[in-house]
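The lines below spell out each chain.
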Amino acid sequence: MTEPFSTRLKASTATIHDEVEHTTFMIDLMEGRLDAAAYSLLIRQYEVVYAALEKKSRDFAEDPVFAPFHDESLSRHDRIRNDLRELGGTELPATRSAEAYAAHLDALETPEQIIAHHYTRYLGDLSGGQAIGALMGRHYGLPSSALTIWDFTDLGKTKPYKDAYRLRLNEIASTGGDEQVVIDETMTAFTLNGELLAELTAMTQHPAVPVA
Ligand code: HEM
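Residues numbered from 1 in each chain as written. Predicted model: local features only at pLDDT ≥ 70, side-chain atom pairs only at ≥ 80, totals over all residues. Heavy atoms only, no water.

Draft legend 1. Geometry of the overall build of the chain. Of the regular secondary structure elements, the chain holds nine helices and zero strands. Traced from its N-terminal end to its C-terminal end, the chain shows the element sequence α-α-α-α-α-α-α-α-α. On C-alpha atoms alone, the chain measures out to a radius of gyration of 17 Å, which is about the 17 Å that the 2.2 N^0.38 rule sets for 212 residues. Structurally, the chain occupies a C-alpha span of about 50 × 30 × 30 Å along its principal axes. Across the 212 residues in the chain, those meeting the buried criterion constitute 50%. For the chain, restricting intrachain contacts to residue pairs at least 6 apart in sequence, the fraction spanning at least 24 positions comes to 85%. Here the chain carries 19 positive and 33 negative side-chain charges, and the mean point of each set is 5 Å from the other. (Helix = DSSP H or I, 4+ residues; strand = E, 2+ residues; numbered from the N terminus. Rg over C-alpha atoms; globule rule 2.2 N^0.38 Å. Buried < 20%, exposed > 50% of the residue type's maximum accessible area, 1.4 Å probe, protein only. Contact = heavy atoms within 4.5 Å. Lys, Arg positive; Asp, Glu negative; His and termini not counted. Charge placed at Lys NZ, Arg CZ, Asp CG, Glu CD.)

Okay, structure coming up:
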């Protein structure tokens, strides 16, 4: 009996998820060793990434393999812009790795590749992202009005939404999608996130650019 695809996808990306989750920048941010400026720098990079991801999602919204995943209530870009205004971070620099991540998203050609990036970001935000939002408020005194990127109340309860998302993952093959392409591209998605966090580690550990 083959395991459902969502189980195989999670299992095959568990190690790289752990590596990304434990980058120095993420650990220091989550344990309160950085500051609101470092958090703003992270969100500024997510602005670049979500702009590209959400443009690509809209471009493929009618594609029969991607369409079951497309959900405008997941969109984060407008919320990130709002959060950056609240944080005074709209003029912060976009990093080389964030630009490279966005360029990679722009160049995607298949629905399976977009599902991989969609899954990596949104299911991540609906999981560990919830902890990130809570800890940024506690450690750095950020108001909820500056943390709306992590607010998914529009979706209703998170767990049923994630469970339904995983059922859609299990249906990819029946819609003609290639599961192996999703797994391979999800590995790439985690790698790009890891590079983005590694560059922020370098910027916050040895600040060449004043993080304002
Ligand atoms: C401090 C950082 C992080 C923490 C504490 C964290 C924690 C978690 C936890 C506890 C889950 C399991 C939730 C569940 O089974 O329902 C999870 C799932 C997930 N995380 Fe993370 N995570 C972090 C960072 C990230 C990052 C940076 C990404 C993406 C680049 C990511 C992507 C994902 C994805 C895609 C899932 C869903 C796995 C699945 O159910 O198929 N996480 N995370």
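Next, the rest of the story.
Draft legend 2. Spatial organisation of the coordination of the iron atom of the ligand. Looking at the iron atom of the ligand, one finds just one donor atom contributed by the protein, H17 (NE2), at 2.1 Å. For H17, the position within the fold is in helix 1 (residues 5–21). (Donors = N, O, S within 2.8 Å, 3.2 Å for Na, K, Ca; no water.)

Draft legend 3. Geometry of the side chain of N193. Tracing the backbone through its elements, the reader meets N193 in helix 9 (residues 179–205). Among the polar contacts made by the side chain of N193, one reaches the side chain of Y101 at a distance of 2.9 Å. At a separation of 2.8 Å, a polar atom in the side chain of N193 contacts the side chain of R121. Setting aside chain neighbours within four positions, we find N193 in contact with V20, Y46, Y101, T120 and R121. (Polar contact = N/O pair within 3.5 Å; in protein donor to acceptor, adjacent residues only side chain to side chain.)

Draft legend 4. View of the layout of surface pockets. Estimated volume of the largest pocket: approximately 700 Å³. Lining the largest pocket are 29 residues, with H17, G124, S127, G128 and F190 positioned closest to its centre. Mapped onto the lining of the largest pocket, the elements with two or more residues apiece are helix 1, helix 2 (24–30), helix 6 (111–125), helix 7 (128–140), helix 8 (158–170) and helix 9. Among the elements that make up the lining of the largest pocket, the one with the highest residue count is helix 1 (seven residues). When the residues that make up the lining of the largest pocket are grouped by side-chain class, the tally is 13 nonpolar, ten polar and six charged. (1 Å grid on protein atoms, 1.4 Å probe; cavity = no way out; pocket = protein on both sides within 12 Å on 5 of 7 lines; lining within 4 Å. Points joined across faces, edges and corners; volume = space filled by probe spheres on them. Nonpolar A, V, L, I, M, F, W, Y, C, P; charged D, E, K, R; others polar.)

Draft legend 5. Layout of the packing of helix 6 against helix 9. Here helix 6 crosses helix 9 at 45 degrees, and the two axes come no closer than 8 Å. Relative to helix 9, the element helix 6 lies oblique. Regarding helix 6 and helix 9, the two cross each other, and that crossing is right-handed. Between helix 6, through E112, Q113, I115, A116, H117, Y119, T120 and R121, and helix 9, the contact on the second element is made entirely by V181, V182, E185, T186, A189, F190, L192 and N193. Each residue belonging to the contact of helix 6 with helix 9 can be placed in one class, and the counts come to eight nonpolar, five polar and three charged. (Axes fitted to C-alpha atoms, helices over the stretch in contact; angles between N-to-C directions. Parallel < 35°, antiparallel > 145°, perpendicular 65-115°, else oblique. Left-handed = near helix turned anticlockwise from the far one by under 90°.)

Draft legend 6. Inspection of empty space enclosed by the protein at higher detail. Here the structure, examined in full by the defined rule, presents one cavity of 30 Å³ or more. Estimates place the volume of the largest cavity at around 50 Å³. At the level of elements, helix 3 (36–59) and helix 6 are the ones that each hand at least two residues to the lining of the largest cavity. Residues that form the lining of the largest cavity fall into these classes: two nonpolar, four polar and three charged.

Draft legend 7. Local environment of the side chain of R44. By secondary structure assignment, the location of R44 is in helix 3. A polar contact is formed between the side chain of R44 and the side chain of E47, at a distance of 3.1 Å.

Draft legend 8. Broad picture of helix 4 (residues 77–87). Of all the positions in helix 4, only H77, R79, I80, D83, L84 and L87 are classed as buried. Relative to the axis of helix 4, the buried residues are bounded by an arc of 155 degrees and lie together on one face. Residues D78 and R85 are exposed on helix 4 and point more than 90 degrees away from its buried face. Here the buried face of helix 4 lies against helix 3. One or two positions beyond helix 4, positive phi appears at G88, with a value near 70 degrees. (Arc of directions from axis to C-beta.)

Draft legend 9. Here's a closer look at the nonpolar core. With 63 residues, the main nonpolar core has Y39, Y46, M136, L169 and L196 as its most contacted residues. Tallying contributions element by element places helix 3 first for this core, with eleven residues. Contact partners of L196, with chain neighbours within four places excluded, come to L42, Q45, Y46, V49, S97, A98 and Y101. (Core = buried A, V, L, I, M, F, W, Y, C linked by side-chain atoms within 4.5 Å.)

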